[in-house]
Amino acid sequence: MTIRLGCIADDFTGATDLAGLLARSGLPVSLRIGTPEDATDLAPFEVIALKIRTNPVEDAVAQALQALNWLRAGGATQIFWKYCSTFDSTAEGNIGPVAEALMEALGTDQTIYCPAFPENGRSIFMGNLFVGEDPLAESPMKDHPLTPMRDSNLMRLLTPQVTKPVGLANRLTVAAGPQALRDRLADLKAQGVAHVVTDAVANDDLHIIAEACREMPLLTGGSAVAMPLPALFQQDGTLQNAAPFEAPDIDDTPVILSGSCSSMTNAQVAAFKGKKHRLDPLDIAENGSQAAIDWLHQQPTNTPKLLYATADPASVKAAQAKLGTAQAGALIEDTLATLAQEALKTGHRRFVVAGGETSGAVTQALNVSRLAIGPEIAPGVPWTFATSAGHPIALALKSGNFGAETFFHDALEAL
């Protein structure tokens, strides 16, 4: 089988989010952790999860181009560049630089940017991104520890990241239908506009955008704008039929690892009713992680348990001020990765992980290279299945802001 749509995601939870929405089609979706060395046993939808959201631009571009080469070798002629629905980035990138590098490699001179995800409260109107009813810059994302978002206008955010002009296809154009959007894109292309922010406030808008842009060599955005593509590919006969995925049975041995400090994850940690152990970066820096490991070993494997570094913005800033932003983050990632390995050794087979950076650290620590996509827990968050050290395991990789307050309980009940 050849790849119909090749996808590159800038973090692990984002890749899972995209894979989960594509899997709603009932067709097989394969999620690769990093770029594979060979191209065997391909699925019609291949998603490569990278960990490049906050990497230096040159490194992010190099990894994305490596992933592109693998996808094209597997037959992909259309590429989707997936980033967060809150456009997490800095003035340097990496959303724009990666997009321009992919455009150059694919020989295309225009693409769209649509991080809208209406089911999760992400909408774009007149180029401005909203989180629920709040502009992005007034949402909790303004205090993100790595990529604080202090502007809501996607055109202003994107312009310093790219070398070619940025334009807008607004909601009025999108609401007029696919042909109106095609005409707007053509007009902008004639003006030399390479990067087009595209408004969307409802799922109907996403279907119009997908229909209008279905033949673009490169699409970019959050996961939701890719969701209509499988049905469109089936309609035009460019998608091969394949047997749906059947989830394996996994022992009921759960552990929850949370490194996200988003406002929603804070609420989810507070709502969790099982055993909890807080990871304090200042204490770990001084005394190491043995206390957390000992606590984990003391808990029955079949009892839900939560180890978390999730904290409020003031606590995060205090730790960063003392340890340094990068060192504080790395310390927690390394600790959660170690705890994941210890959990596997002690018989845990179901892992719920909160946070993109944490998910990357955990999957790498478990030496997971490929995930099959299973049932959805919440919009953009499915259960996934893999093998680690010869054991079948289930992983739910959650972006910080996704899911209801009861997400941790919802996840364990869904499997």
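Definitions and limits used
Residues numbered from 1 in each chain as written. Predicted model: local features only at pLDDT ≥ 70, side-chain atom pairs only at ≥ 80, totals over all residues. Heavy atoms only, no water. Buried < 20%, exposed > 50% of the residue type's maximum accessible area, 1.4 Å probe, protein only. Helix = DSSP H or I, 4+ residues; strand = E, 2+ residues; numbered from the N terminus. Pairing = 2+ DSSP bridges. Core = buried A, V, L, I, M, F, W, Y, C linked by side-chain atoms within 4.5 Å. Contact = heavy atoms within 4.5 Å. Salt bridge = Lys/Arg side-chain N within 4 Å of Asp/Glu carboxyl O. 1 Å grid on protein atoms, 1.4 Å probe; cavity = no way out; pocket = protein on both sides within 12 Å on 5 of 7 lines; lining within 4 Å. Points joined across faces, edges and corners; volume = space filled by probe spheres on them. Nonpolar A, V, L, I, M, F, W, Y, C, P; charged D, E, K, R; others polar. Expected span 1.5 Å × (residues − 1). Phe/Tyr/Trp six-rings, centres within 6.5 Å; stacked < 30°, edge-to-face > 60°. Lys NZ or Arg CZ within 6 Å of the ring centre and 35° of its normal.

A. Region of interest: the pairing of strand β1 (residues 5–9). Most of β1 is tucked away, with 5 of its 5 residues classed as buried. Side-chain alternation along β1 places Leu5, Cys7 and Ala9 on one buried face and Gly6 and Ile8 on a second face that is also buried. Pairing of β1 with strand β4 (residues 79–82) involves 4 bridges; the strand directions are parallel. By the bridge assignment, Gly6 is partnered in β4 with Ile79.

B. Inspection of the nonpolar core at higher detail. Core analysis: the biggest nonpolar cluster contains 134 residues, and Trp81 and Phe351 have the highest contact counts within it. In contact with Phe351, not counting residues within four places along its chain, are Val255, Leu257, Ala340, Ala343, Leu344, Leu366, Trp383, Ile393, Ala394, Leu395 and Ala396.

C. Layout of the pattern of salt bridges. Applying the stated criterion across every chain yields a total of 20 salt bridges. When the shortest N-O distance is used, the salt bridge between Glu119 and Arg24 registers 2.9 Å. Highlighted residues: Glu119 in the loop between β5 (111–114) and β6 (122–125) and Arg24 in the loop between α1 (12–23) and β2 (29–33), separated in sequence by 95 residues. Relative accessible area serves as the criterion here: at 34%, Glu119 is assigned to the partly exposed category. Overall, Arg24 belongs to the partly exposed group, its relative accessible area being 36%. Lys189 serves as the salt-bridge partner of Asp109, at 3.5 Å between the closest nitrogen and oxygen. With a gap of 80 residues between them, Asp109 in the loop between α3 (95–106) and β5 and Lys189 in helix α6 (residues 178–190) connect regions that are remote in the sequence. One connected set of salt bridges, linked through shared partners, spans Asp10, Asp11, Arg53 and Asp88.

D. Expanded view of the environment of Gly222. Mapping Gly222 onto the fold places it in the loop between β11 (218–221) and α8 (229–235). Among the residues examined, Gly222 registers a relative accessible area of 1% and is labelled buried. Between the alpha carbons of Gly222 and Trp81 there is a distance of 8.5 Å; along the sequence they are 141 residues apart. Aside from chain neighbours lying at most four places away, what touches Gly222 is Phe80, Lys82, Tyr83, Cys114 and Pro115.

E. Spatial organisation of empty space enclosed by the protein. Counted according to the given criterion, the structure contains 2 cavities of 30 Å³ or more. Taken as a whole, the largest cavity spans an internal volume of roughly 50 Å³. What lines the largest cavity is simply Asp11, Thr13, Gly14, Asp17, Arg53, Lys82, Cys84, Ser85, Ser399 and Phe402. No other element matches α1, which puts 3 residues into the lining of the largest cavity. Counted by class, the lining of the largest cavity contains 2 nonpolar, 4 polar and 4 charged residues. Quantified by volume, the second largest cavity comes out at close to 40 Å³. Every residue along the wall of the second largest cavity is listed here: Ile112, Ile209, Ala210, Cys213, Leu219, Val225 and Leu229. Top contributing element to the lining of the second largest cavity by residue count: helix α7 (residues 203–213), with 3 residues. Of the residues that constitute the lining of the second largest cavity, the class distribution is 7 nonpolar, no polar and no charged.

F. Structural view of unusual backbone geometry. Along the chain, Gly93 connects to Asn94 via a cis peptide bond; the corresponding omega equals 15°. Considering the arrangement of structural elements, one finds Asn94 in the loop between β4 and α3. A positive phi angle is found at Phe87, which is not glycine, with a value near 55°. In this fold, Phe87 is placed in the loop between β4 and α3. The phi dihedral of Ala389 is positive, around 50°, even though this residue is not glycine. Among the secondary structure elements, Ala389 is positioned in the loop between β17 (381–388) and β18 (391–398). Judged by its relative accessible area of 66%, Ala389 falls in the exposed class.

G. Local environment of helix α13 (residues 325–345). Here α13 spans 31 Å end to end across 21 residues, near enough to the 30 Å set by a 1.5 Å rise per residue. Of all the residues in α13, the buried ones are Ala328, Ile332, Glu333, Thr335, Leu336, Ala337, Leu339, Ala340, Glu342, Ala343 and Leu344. A positive backbone phi angle near 100° is found at Gly347, which sits one or two residues after α13.

H. Quick peek at the packing of aromatic side chains. Counting across every chain of the model gives 6 aromatic pairs. When the centroid spacing of 5.7 Å and the interplanar angle of 85° are considered together, the rings of Phe117 and Phe402 count as edge-to-face. In this pair, Phe117 sits in the loop between β5 and β6 while Phe402 sits in the loop between β18 and α15 (407–414), placing the two residues 285 residues apart along the sequence. Taken individually, Phe117 and Phe402 each receive the classification buried, so the pair is uniform in this respect. What links up through ring pairs into an aromatic cluster is the set Trp81, Tyr83, Phe87 and Tyr113. The cationic tip of Arg4 hangs over the ring face of Phe233; the distance from NZ or CZ to the ring centre is 3.6 Å.

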